[in-house]
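The primary structure of each chain is shown beneath.
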Amino acid sequence: MTDELEGVRDHYRATGLTERLKTVLAALGPEDQLLTPQQLGVLDQFHTRGLAATAELAQLAGIAAGMSILDVGSGVGGPARFLAATYGCRVTGVDLSEPFVDAARYLTERTGQSGQLSFQTASALELPFDDGRFDAVLLQHVAMNISDRTLLYSEIRRVLKPGGRFATYDVVLSGGEPHYPLPWARTPATSFLLTAGATREAIEPASFRMLAWQDDTDAAKAWFAQLRASGPPPSPNLGVVMGPDFAELAANLGRNLMQGRLGILTAVFEAA
């Protein structure tokens, strides 16, 4: 594994994560009581605007029943569980962090969805799937951890069927260096942000045709403003997964958005 990937994996190390989740979820009911994806939404959506953003991206991407979906950088499986429950599709998740994958499997058992979902530890730069396997690929708040965007987008294209959809929802560089630490990187060493324009220039040469392109920065700013106004987040929340400094990391992301240093991009492409 390269030093870059090792650094990213260290950031998401999350030692003892599944045991921590078992402890906090006891407040929602006994271990044998099924939970809904919505109940887990406060701790399993690792991106700005949470579950609402996943729902919007899925709609833009045209997710439908019976599709085979790949979630790259699937975290603890929140978007995958939501998609399977909402659309009746089959979802595969890959993540570089083994503790995240273990936690994703545990949480999926708690929602009774193990038959529709599978998770495995893998790099986005070396996806362990045959060519043309998936109808759609989702990438949410992942690309900023990856310097080799050419390889990332070509791997995503490789595993997509012709005419398949690639939907991305990511943080982009807008003006000046951001303030660290941030949710995906505590230092610039594992942060590889591109501008929105440079992101498009990296995606399209991989045989993709743009279908949708929107700047969601204002919606993200409004979301952060609402979070600040509503006080401390309810428990359980993402701090269970990312550690006690998560509030600082998230606050810095909001600060960078407000100052115009970062933006939020939503885009959908079709595999040519």
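Reading the values: rules and limits
Residues numbered from 1 in each chain as written. Predicted model: local features only at pLDDT ≥ 70, side-chain atom pairs only at ≥ 80, totals over all residues. Heavy atoms only, no water. UniProt positions renumbered as here; feature names shortened; annotations may be inferred. Helix = DSSP H or I, 4+ residues; strand = E, 2+ residues; numbered from the N terminus. Pairing = 2+ DSSP bridges. Axes fitted to C-alpha atoms, helices over the stretch in contact; angles between N-to-C directions. Contact = heavy atoms within 4.5 Å. Expected span 1.5 Å × (residues − 1). Buried < 20%, exposed > 50% of the residue type's maximum accessible area, 1.4 Å probe, protein only. Arc of directions from axis to C-beta. Parallel < 35°, antiparallel > 145°, perpendicular 65-115°, else oblique. Left-handed = near helix turned anticlockwise from the far one by under 90°. Nonpolar A, V, L, I, M, F, W, Y, C, P; charged D, E, K, R; others polar. Phe/Tyr/Trp six-rings, centres within 6.5 Å; stacked < 30°, edge-to-face > 60°.

**Q** How should the UniProt feature "domain: Methyltransferase type" (unreviewed entry) in the protein chain be read in this particular structure?
**A** Here, UniProt's "domain: Methyltransferase type" (unreviewed entry) annotation points to residues 70–167. Counted over residues 70–167, helix gives 35% and strand 30%. Its end C-alpha atoms are 10 Å apart.

**Q** Help me understand the sheet that holds strand E5 (residues 160–173), please; the structure alone is not making it clear to me.
**A** The strands making up a sheet are joined through hydrogen bonds of the backbone, oriented either antiparallel or parallel. Here seven strands make up an open sheet; going across it, the order is E3-E2-E1-E4-E5-E7-E6 and the pairing mixed. In this open sheet, the two edge strands, each paired with only one partner strand, are strand E3 (117–121) and strand E6 (208–215). This sheet shows a mean twist of 15 degrees between the axes of neighbouring strands, independent of strand direction. As judged from the four bridges shared by strand E1 (residues 68–72) and strand E4 (residues 134–140), these two strands associate in the parallel manner. Note that in E4 the partner of Val-72 across the bridge is Leu-139. Contacting E1, strand E2 (90–95), E3 and E4, helix H5 (residues 78–87) runs over the sheet at an angle of about 160 degrees to E3. Across the sheet, helix H7 (residues 149–159) touches E1, E4, E5, E6 and strand E7 (262–271), and the angle it forms with E5 is around 150 degrees.

**Q** What am I meant to see in helix H11 (residues 246–258) here?
**A** Every α-helix winds through 3.6 residues per turn, so residues three or four apart in the chain are directed the same way. Between its first and last C-alpha, H11 extends 18 Å over 13 residues, near the 18 Å set by a 1.5 Å rise per residue. Residues Phe-246, Leu-249, Ala-250, Asn-252, Leu-253, Gly-254, Asn-256 and Leu-257 constitute the buried set of H11. Buried residues along H11 sit against helix H9 (217–229), helix H10 (239–242) and E7. Just past H11, the residue Gly-260 takes up positive phi, approximately 80 degrees.

**Q** Teacher, can you tell me more about helix H2 (residues 17–25) here?
**A** Leu-17, Thr-18, Leu-21 and Leu-25 are the residues of H2 that are buried. Taken end-on, H2 shows its buried residues confined to a sector of 95 degrees, consistent with a single buried face. For H2, the secondary structure elements touched by its buried residues are helix H3 (41–44), helix H6 (98–110) and H10.

**Q** Help me understand the packing of helix H4 (residues 50–61) against H5 in this model?
**A** How two helices sit against one another is set out by the angle between their axes and by the gap between those axes. Running from N to C, H4 and H5 cross one another at 55 degrees; their axes reach a closest spacing of 10 Å. Between H4 and H5, the crossing angle belongs to the class labelled oblique. H4 and H5 meet at a crossing whose hand is right-handed. Counted together, Leu-51, Thr-54, Ala-55, Ala-58 and Gln-59 of H4 and Pro-79, Phe-82, Leu-83 and Tyr-87 of H5 form the full contact between these two elements. In terms of residue class, the contact of H4 with H5 is made up of seven nonpolar, two polar and no charged.

**Q** Which parts of the structure should I look at to understand the packing of aromatic side chains?
**A** One pair of aromatic rings is described through two measures. These are the centre distance and the angle between the planes. With the rule as written, the count across this model stands at eight aromatic pairs. Each ring, one from Tyr-153 and one from Phe-166, has its centre 5.9 Å from the other, and the planes form 50 degrees; the classification is tilted. Here Phe-166 lies in strand E5 and Tyr-153 lies in helix H7, a separation of 13 residues in the sequence. Comparing Tyr-153 with Phe-166, the two get one shared label, buried. Plain terms: the ring middles of Phe-208 and Phe-269 are 6.2 Å apart, the flat faces sit at 65 degrees to each other, and that makes the pair edge-to-face. Of this pair, Phe-208 sits in strand E6 while Phe-269 sits in strand E7; the two residues are 61 residues apart in sequence, bridging distant segments of the chain. By the burial criterion, Phe-208 is buried, and Phe-269 matches it. An aromatic cluster of at least three residues, connected via ring pairs, comprises Tyr-153, Phe-166, Phe-208, Trp-213 and Phe-269.

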